[in-house]
Amino acid sequence: MNSTNTINTTVTSLITNAISAAMPYTEYREQMRNLVANNKSTGVLQTDALANYTMLNDKRMKRLDKTTKLTDATISKIKQVTAKVTWLVLTESWCGDAAQSMPVMQKFAEQSSNINVKVILRDENLELMNHFLYNNTLSIPRLIAFNEDTQEVIGDWGPRPSKLTKIVENFKAKNGSLTPEFKQELQVWYNKDKGNTIIEDLTQLLALK
């Protein structure tokens, strides 16, 4: 067995083990509500700031769970998925980008019995996360699309919608890091986009075999 095959076997094993231990989206949402009630966040590190982000994200997700709508054209494409696919999402409760995208992922899954959203925490699964770094960073959320029939990774997505990723990368190239003011602008972008870019990105992910 060559080194590439060894890596592929290791990743497959990590993914299948993670899927077995992962929680459904509905359970993750319940976990977030419990964290908010106890002024906590996921992870070992507990701060007021992380607890506050978790509270804000829970509110955003509650709203998006109710308001996110898919067009008939998108639903038609979702219905064409014939393979059993798990969308394994690495995240943490304090992640603002995850709060914007995960409700959309779940809406896709609700339209097909062949798509299953499962959630795991990044910091509890760093060995797996290290195989799916974005620009060599632990940026989340990271969605791993795993074909259950072939036991293969068919694609991945994250941490942000494609159009926003370009905006963020341009800002970092000019300024080095994201400022608090720019992070506020990101939320404005999400509100204006209304999940449309995430829907477009996930629709493209569906086409990967």
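Residues numbered from 1 in each chain as written. Predicted model: local features only at pLDDT ≥ 70, side-chain atom pairs only at ≥ 80, totals over all residues. Heavy atoms only, no water.

Engineer: Could you give an account of the overall build of the protein, with specific residues and numbers?
Structural biologist: Helix and strand counts for the protein come out as 9 helices and 5 strands. A globule of 209 residues ought to have a C-alpha radius of gyration of about 17 Å, and the protein, at 17 Å, matches this closely. Each principal axis of the C-alpha distribution contributes one length, and for the protein these read about 50 × 40 × 40 Å. In the protein, buried positions account for 46% of the 209 residues. Between the centroid of the 25 positive side chains of the protein and the centroid of its 22 negative side chains there is a distance of 6 Å. (Helix = DSSP H or I, 4+ residues; strand = E, 2+ residues; numbered from the N terminus. Rg over C-alpha atoms; globule rule 2.2 N^0.38 Å. Buried < 20%, exposed > 50% of the residue type's maximum accessible area, 1.4 Å probe, protein only. Lys, Arg positive; Asp, Glu negative; His and termini not counted. Charge placed at Lys NZ, Arg CZ, Asp CG, Glu CD.)

Engineer: Break down the side chain of Thr197 for me, with residues and values.
Structural biologist: Among the secondary structure elements, Thr197 is positioned in helix α9 (residues 196-206). Within polar-contact distance, the side chain of Thr197 engages the side chain of Asp193 at 2.9 Å. Apart from residues lying up to four places away in sequence, Thr197 is in contact with Pro161, Ser162, Lys163 and Trp189. (Polar contact = N/O pair within 3.5 Å; in protein donor to acceptor, adjacent residues only side chain to side chain. Contact = heavy atoms within 4.5 Å.)

Engineer: Any details on the pairing of strand β5 (residues 152-157)? Residues and values, ideally.
Structural biologist: As judged from the 5 bridges shared by strand β4 (residues 142-147) and β5, these two strands associate in the antiparallel manner. Note on β5: the bridge partner recorded for Leu143 is Trp157. As consecutive antiparallel partners, β4 and β5 are separated by 4 residues, and within that stretch Gln151 has a phi angle of approximately 60°, a positive value. (Pairing = 2+ DSSP bridges.)

Engineer: Go over the pattern of salt bridges with me, naming the residues and quoting the values.
Structural biologist: Enumeration according to the criterion identifies 8 salt bridges in this entry. When the shortest N-O distance is used, the salt bridge between Asp65 and Arg29 registers 3.0 Å. Here Asp65 is found in helix α3 (residues 48-67), whereas its partner Arg29 is found in helix α2 (residues 25-37), with 36 residues between them in sequence. Overall, Asp65 belongs to the partly exposed group, its relative accessible area being 22%. A salt bridge links Glu30 to Arg33, with the shortest nitrogen-to-oxygen separation between them at 3.0 Å. Residue Glu30 and its partner Arg33 are located together in helix α2, separated by 3 residues, close to a single helical turn. Judged by relative accessible area, Glu30 falls into the partly exposed class, the value being 37%. Overall, Arg33 belongs to the partly exposed group, its relative accessible area being 38%. One network of salt bridges, with partners in common, ties together Arg29, Asp58 and Asp65. (Salt bridge = Lys/Arg side-chain N within 4 Å of Asp/Glu carboxyl O.)

Engineer: For the sheet that holds β5, give the residues involved together with the corresponding values.
Structural biologist: With mixed pairing, 5 strands are arranged side by side in an open sheet as β1-β3-β2-β4-β5. The open sheet terminates on both sides in strands that have one partner only, identified here as β1 (23-24) and β5. Where strand β2 (residues 85-91) lies against β4, 6 bridges are found, and the strand directions are antiparallel. Residue pairing for β4: Trp87 is matched across the bridge by Ala145.

Engineer: Could you give an account of the environment of Met55, with specific residues and numbers?
Structural biologist: Position of Met55 relative to the elements: it lies in helix α3. Placed 22 residues apart in sequence, Met55 and Arg33 show a C-alpha to C-alpha distance of 8.2 Å.

Engineer: Tell me what's going on with α9, and back it up with residues and numbers.
Structural biologist: The buried fraction of α9 amounts to 8 of the 11 residues, a majority that puts the element mostly inside the structure. Along α9, the residues that are buried comprise Thr197, Ile198, Ile199, Asp201, Leu202, Thr203, Leu205 and Leu206.

Engineer: Hey, could you go over unusual backbone geometry for me, with residue numbers and the actual values?
Structural biologist: The omega torsion of the bond from Ile140 to Pro141 falls at 5°, within 30 degrees of zero and hence cis. When you line up the elements, Pro141 lands in the loop between α6 (126-129) and β4. In this structure, Pro159 follows Gly158 across a cis peptide bond, with omega equal to 10°. By the secondary structure assignment, Pro159 is in the loop between β5 and α7 (162-175). Of note in this structure, Asn136 is not a glycine but carries a positive phi near 60°. Inspection of the secondary structure assignment puts Asn136 in the loop between α6 and β4. Even without being glycine, Lys194 reaches a positive phi, approximately 55°. Relative to the assigned elements, Lys194 resides in the loop between α8 (180-193) and α9.

The values are spatial; any link to function lies outside them.
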